[in-house]
Amino acid sequence: MARVLRVARSSSSLFSFGSRSYSAEASHVSSPPPPFLGARRDVTKERNVQWVFLGCPGVGKGTYASRLSSLLGVPHIATGDLVRDALASSGPLSQQLSEIVNQGKLVSDEIIVNLLSKRLEAGEAKGESGFILDGFPRTMRQAEILGDVTDIDLVVNLKLPEEVLVDKCLGRRTCNQCGKGFNIAHINLKGENGKPGISMDPLLPPPQCMSKLITRADDTEEVVKARLRIYNETSQPLEEYYRSKGKLMEFDLPGGIPESWPRLLEALRLDDYEEKQSAAA
Ligand SMILES: Nc1ncnc2c1ncn2[C@@H]1O[C@H](COP(=O)(O)OP(=O)(O)O)[C@@H](O)[C@H]1O
């Protein structure tokens, strides 16, 4: 992060990110857009990447953000994980969050900014630099706050047909021992009206995880549909906001991981990244 982000909680209607305070209502965009560094830039020579992943629930943001973060050596920070960690802890915040999350609603900007600030601050203390944000920003207000405190290089918007998203959310499973994510859904959507079909094999767990799979409490059909509706309402302006800054990269996933991963690396001009890294070492 270019600047240290500190959380200084003030009154209930004011919250802070970095040196700035925000009212819960007012909205503004301050600094002019930073220069577009983008994916074409040689990530080996500059500071670590500061990227954002946008996309509907179930699109696979977590999977691709996590793979890229391992490749680029930057932390993958998923606000959904921060919320689930806070939910798992005891205390009043956990109770407050569980009601919101289990209805598929968004938690307040104040709470999410506080959770993210704390996570970034802890990372900085450990010497982390750069990040791939997954699930943040989710609202225009969050995007404006983020833009006030740091430069985002690139926003990757992952896309899948809506019909696929619900099935993918319902197929999600996590091993409660190793923490890895899997998906048991078989997707086979036929192409129509000029749109290509899409098929995805399930991502099945290894035998040792099979009996330890858990499903997220908010991955029920009703809650997933509510999350998709809320995402569509709040994401449109975000896409436009980043598009107007020349930072948005749209990426239609062509299928499952085996087809999509190499194409995503190509789109990010990272297809020969590993080779370049070992040549430079
Ligand atoms: N940036 C955010 N703003 C508000 N709420 C958030 C944010 N990120 C995560 N959450 C909360 O955590 C829940 C789970 O988030 P996530 O794991 O990103 O799920 P999804 O599958 O919907 O992308 C969301 O439904 C929401 O309640």
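Worth saying up front: this structure is predicted, and the values here are computed from it rather than measured.

Participant: Can you help me understand the overall build of the chain in this one?
Facilitator: Within the chain one finds 9 helices and 12 strands. Accessible surface for the chain amounts to roughly 14400 Å². Of this, 51% is attributable to carbon and sulfur atoms.

Participant: In this structure, what is going on with the packing of aromatic side chains? I would like to understand it.
Facilitator: Note on aromatic pairs: each is described by the distance of the centres and the angle between the planes. This model, assessed by the stated rule, comprises 1 aromatic pair. Plain terms: the ring middles of Tyr241 and Tyr242 are 5.0 Å apart, the flat faces sit at 75° to each other, and that makes the pair edge-to-face. Exposure class is identical for Tyr241 and Tyr242. Each is buried. It is Arg67 that lies over the ring of Trp261; its NZ or CZ is 5.4 Å from the centre.

Participant: How should the pattern of salt bridges be read in this particular structure?
Facilitator: Two side chains that carry opposite charge are able to pair once their charged atoms sit near each other. Counted according to the given criterion, the structure contains 10 salt bridges. A salt bridge links Asp218 to Arg216; the nearest nitrogen and oxygen atoms lie 2.9 Å apart. You can call Asp218 buried: its relative accessible area is 7%. Several salt bridges share partner residues, and in doing so they unite Arg172, Arg216, Asp218, Asp219 and Arg227 into one network.

Participant: Please explain the site of the ligand as it appears in this structure.
Facilitator: The immediate surroundings of the ligand are formed by 19 residues, with Thr79, Lys105, Gly135, Arg172 and Arg227 found nearest. In this structure, an oxygen atom belonging to the ligand sits 3.2 Å away from a side-chain N or O atom of Lys61. Between Val107 and the ligand, the recorded distance is 3.1 Å, taken from a backbone N or O atom to a nitrogen atom. Coverage of the ligand by the protein chains reaches 96% of its 540 Å² of free accessible surface. Sort the elements by how many residues they give to the shell around the ligand and helix α2 (residues 79–88) lands first, with 4 residues. Of the residues that constitute the shell around the ligand, the class distribution is 7 nonpolar, 4 polar and 8 charged.

What counts, and where the lines are drawn
- Residues numbered from 1 in each chain as written.
- Predicted model: local features only at pLDDT ≥ 70, side-chain atom pairs only at ≥ 80, totals over all residues.
- Heavy atoms only, no water.
- Helix = DSSP H or I, 4+ residues; strand = E, 2+ residues; numbered from the N terminus.
- Areas by Shrake-Rupley, 256 points an atom, 1.4 Å probe, with all protein chains shown as cover.
- Phe/Tyr/Trp six-rings, centres within 6.5 Å; stacked < 30°, edge-to-face > 60°.
- Buried < 20%, exposed > 50% of the residue type's maximum accessible area, 1.4 Å probe, protein only.
- Lys NZ or Arg CZ within 6 Å of the ring centre and 35° of its normal.
- Salt bridge = Lys/Arg side-chain N within 4 Å of Asp/Glu carboxyl O.
- Near = heavy atom within 4 Å.
- Polar contact = N/O pair within 3.5 Å; in protein donor to acceptor, adjacent residues only side chain to side chain.
- Nonpolar A, V, L, I, M, F, W, Y, C, P; charged D, E, K, R; others polar.

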